[in-house]
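# Examination of the molecular architecture
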Amino acid sequence: MSDTVAPGPEKLQYQTEVKQLLDILAHSLYTEKDIFLRELISNASDALNRIQFEMLTNQDVTDADAELAIWLEPERDAGILRISDSGIGMNREELVTNLGTIAHSGAKAFLNGVEPGETSVEEIIGQFGVGFYSVFMVAKEVRVTSRSHCPEESGWTWISDGGSEYELVPADKASRGTEIEIRLKDDDSDFADAWRLEEIVKRHSDFVSFPIYLVEPVEPDADAETDEDAEAPVEAVAADEDGDGVSQTKLNSQTAIWRQTPSSVLEEDYNQFFRQLALGADDPLLHMHLVTDSPVDIRTVLFIPSKRPDDIFMAHREDGLRLYSRKILIQKHNRDLLPEYLRFVEGVVDSEDLPLNVSRETIQDNPATRQISQTLARRVLRELDRLAGRDEEKYAQFWEQFGMFVKAGLATDFEHRDSLIGLLRFKSTKSDGDWITLEQYAERMPANQKFIYYVEGPDLDAARRSPHLDYYKAHDLEVLYFSDPVADAYLSMSLMDFREMKLVNVDSADVEVPDTAGDEEASVEADEALQGLVEKFKAVLGERVEDVRSSNLLVENPSRLVYAGESMSRAFERMSNLMGQEAPQQKRILELNSDHELVRNLKARHDADAADPLLTELIEQVYDNALLLEDMHPEPAAMTERILAIMVAASRA
Ligand code: ADP
Ligand code: MG
């Protein structure tokens, strides 16, 4: 601090978004209030991790010898709970920014879009977590007294009752760290019960790596006699050794589960560890535990969540693995230990091969990091493959949540290309709603089929309706559905072939199909028969189409639009459109089915009177229908006027 006079007590306004959040919390009927303790303990643990990391290189801190721990001190009668830590602490400015504002932009945007009462705490937790502010679910008033680790800083108390402003007061705090004093709401006074705290810590914070102590006054003789025969929990309770009238009981086991032998860890322990790590309520879909020391030392537990996080595509999302070296947390969200496309994997990595004083910036350049990341990626892909072999249903769940990441991986990770291809799943015209592999597709296709066919669509229902499927349905040929607009556009660019068979989009103008004997001639004949009508179509549609021709691949549909350009440029066009960019559109070829009643009627009408105005309207509508089926129609509502005119004509008695 400078030599100017320290500011005295002061009232400050919360940032607007914080007010909104506090308002939502205050009116919430959310019942899992005990998560506030998990959040505060998690913050204390973060603060302890940070001082531990700081002290690797800087011993010049307040209270350098203090035990790194968390203390819970309930006062049942007063309805007060105190949570303190010997972590990094906060100075005045940090109290203001950390507890008076919300840093991440996603949360701001989200809160600005909602009204209190319109959104639930669950939703907010799902989006970005409520963190510190969750304390106001149980608190009438909160006092945070903190002293920063910087020796020149003194203590400050931050006081709030959850209203629109908070107060800052200089504090006389001798020790480093943060103490949060909670005046509990009358209905929530059980959070000042020792047994309740113990139960919550076991459930939500057992794996926190610093000790969490329950601090209780020692009641001199009161229980001494009655307890004599009872089985005292000797290991847990530390007597009042220093005679200050209080006892400390450690509540958590502090187990570093990733440093244990995999065979000694129970399934439920992994699940619980995951829930505590992710600050969530769901069990993971899969865990993997790897302990090895060659080629590099790794102790790791990784998880595949059972659900894709709501915010996984948001820029503000912090993801990555927790990186420890010799049990010290070096980085909370490390992104260098797994390839980008596996960013949905959560877990902990501990490696003694990373030097302890490694700065966060240089982790990336460390040769051990590269080795670890290769080992982990290989392991994750192998475990997924095993899961697919062992439990189809679970794998399907994985695929539905995270399949898009596997597809993205194919575009970037050439080293694991074969493993990734093995993980791909598709629905097809013959899979009956199940997921199949390319392998299964290849195995059951007829001997004369030379390509792997797929059809694109904005979603599964649309893909199912595609007119391009006519021929394949009629000839019992299987076609894969590429119905995820983004992921499958990537896929069609990165997966050109499988076992030397090309993947072919069935909307291609020059698609080759088995069994074409005889069709060629038929098509020439049809072309001639439709000649006049085709010319009329060309005259009406003009520059909008590349060409108009008759088709031998249509059966049930009267028309379709086929793509005559390079398949790469189509995928590119699709991607650009998805990203909202105006891409140069390759003109399509309109194909007509000369056997369809509509086309025959149009031909008859054209033969009777080539200038019939209704004919022009009908041609326009045929084209619009084809555009709709390709998901290419720029403005469907604009068709109603014409449809009405056609209906009037058709309804004339
Ligand atoms: P998050 O933990 O996701 O950052 P929180 O709302 O839980 O969000 O906490 C906000 C910030 O307040 C933290 O990032 C941290 O900087 C600060 N903070 C909260 N509790 C403590 C504490 N016990 N010690 C030091 N800093 C803390
Ligand atoms: Mg937090």
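The written sequence of each chain sets the order in which its residues are numbered from 1. Labels are handed out in written order, letters beginning with A for the chains and numbers beginning with 1 for the ligands. Two thresholds apply to this predicted model, a pLDDT of at least 70 for residue-level local features and 80 or more for giving and counting side-chain atom pairs, whereas whole-chain, interface and lining totals are computed over all residues. Excluding hydrogens and water, the side-chain values take into account all heavy atoms of the structure.

### Describing the site of ligand 1
- For this description, a residue counts as near a given molecule or strand if any of its non-hydrogen atoms is within 4 Å of it. In the region of ligand 1, the neighbouring residues are N43, A44, A47, D85, M90, N98, L99, G131, F132 and T178.
- A 1.4 Å probe and the Shrake-Rupley method give the accessible areas. Residues count as covered only by the protein chains that appear here. For ligand 1, whose free accessible area comes to 530 Å², the fraction covered by protein is 72%.
- At the level of secondary structure, the elements contributing two or more residues to the shell around ligand 1 comprise α2 (35–54) and α3 (92–100).
- Of the residues belonging to the shell around ligand 1, the class tally is five nonpolar, four polar and one charged. Numbered from the N terminus, helices here are DSSP runs of H or I no shorter than four residues, and strands are runs of E no shorter than two. Ten residue types, Ala, Val, Leu, Ile, Met, Phe, Trp, Tyr, Cys and Pro, are classed as nonpolar, four, Asp, Glu, Lys and Arg, as charged, and the remainder, Gly among them, as polar.

### Examining the sheet that holds strand β12 (residues 298–304)
- Read from one edge of the open sheet, five strands run β11-β12-β15-β13-β14, paired in mixed fashion. Unpaired on one side and paired on the other, β11 (286–292) and β14 (328–334) mark the two borders of the sheet. Across the sheet, the axes of successive neighbouring strands diverge by a mean angle of 10°, strand direction being ignored.
- Pairing geometry for β11 and β12, over seven bridges, is antiparallel. By the bridge assignment, H287 is partnered in β12 with F303. Two strands pair if DSSP finds at least two bridges between them. As a rule, the C-alpha atoms of each element are fitted with a line to give its axis, helices using only the stretch in contact, and angles between N-to-C directions run from 0 to 180 degrees.

### Section: the confidence of the model for the protein chain
- Counting all residues, the mean pLDDT for the protein chain is 90, and 92% of those residues have values of 70 or more.
- In the model, residues 224–235 has pLDDT below 50 throughout and makes zero contacts with residues more than four positions away in sequence or in other chains. Every residue gets a pLDDT, meaning the predictor's confidence in that residue, from 0 to 100. Residues are treated as being in contact if the distance between any of their heavy atoms lies within 4.5 Å.

### Remarks on helix α6 (residues 194–205)
- For α6, which comprises twelve residues, the first-to-last C-alpha distance of 15 Å matches the rise-based estimate of 16 Å (1.5 Å per residue) to within 8%.
- Looking at α6, one finds that the buried residues are A194, R196, L197, I200, V201, H204 and S205. All buried residues of α6 lie within an arc of 155° about the axis, which places them on one face of the element. For a helix, the expected span equals 1.5 Å multiplied by the number of residues minus one. For every residue, the accessible area (1.4 Å probe, protein chains only) is compared with the maximum for its type, and the residue is labelled buried under 20%, exposed over 50%, or partly exposed between those bounds. The arc refers to the directions leading from the helix axis to the C-beta atoms.

### Thoughts on the pairing of strand β4 (residues 139–147)
- Across eight bridges, β4 lies against strand β7 (residues 177–184) in antiparallel orientation. Each residue of the ladder has a partner; that of R147, found in β7, is G177.
- Taken together, the five bridges between β4 and strand β5 (residues 155–160) define a ladder with antiparallel strand orientation. Bridge pairing in β5 places V142 opposite S160.

### Brief notes about a negative patch on the surface
- Taken together, E392, E393, D432 and D434 make up a surface patch of like negative charges.
- On the secondary structure map, D434 appears in the loop between α10 (417–423) and α11 (438–444). A residue counts toward a patch only above 30% relative accessible area and without a salt bridge, and it is joined to like-charged neighbours within 9 Å or, for Val, Leu, Ile, Met, Phe, Trp and Tyr, to nonpolar neighbours within 5 Å. Whenever Lys or Arg places a side-chain nitrogen within 4 Å of a carboxyl oxygen from Asp or Glu, that contact is recorded as a salt bridge. When charges are counted, Lys and Arg contribute as positive and Asp and Glu as negative, whereas His and the chain ends are disregarded. Charge positions come from single atoms, namely NZ of Lys, CZ of Arg, CG of Asp or CD of Glu.

### Thoughts on a nonpolar patch on the surface
- Together, V486, Y490, L578 and M579 give the surface a local cluster of nonpolar side chains, amounting to about 380 Å² of exposed area.
- Mapped onto the elements of the fold, L578 is located in helix α16 (residues 567–578).
- Look at L578 and you get partly exposed, because its relative accessible area is 43%.

### A word on the pattern of salt bridges
- The full count for this structure, using the stated rule, is 42 salt bridges.
- With a shortest N-O distance of 3.0 Å, D34 and R203 are connected by a salt bridge. Taken as a pair, D34 in the loop between α1 (16–26) and α2 and R203 in helix α6 lie far apart in primary sequence, 169 residues in all.
- What makes R203 partly exposed here is its relative accessible area of 34%.
- A salt bridge links E439 to R499; the nearest nitrogen and oxygen atoms lie 2.2 Å apart. Here the residue E439 occupies a position in helix α11, and R499 occupies one in the loop between β18 (497–498) and β19 (501–505), the gap between them amounting to 60 residues.
- Connected through shared salt-bridge partners, E73, E75, R82, E141, R143, E181 and R183 make up one network.

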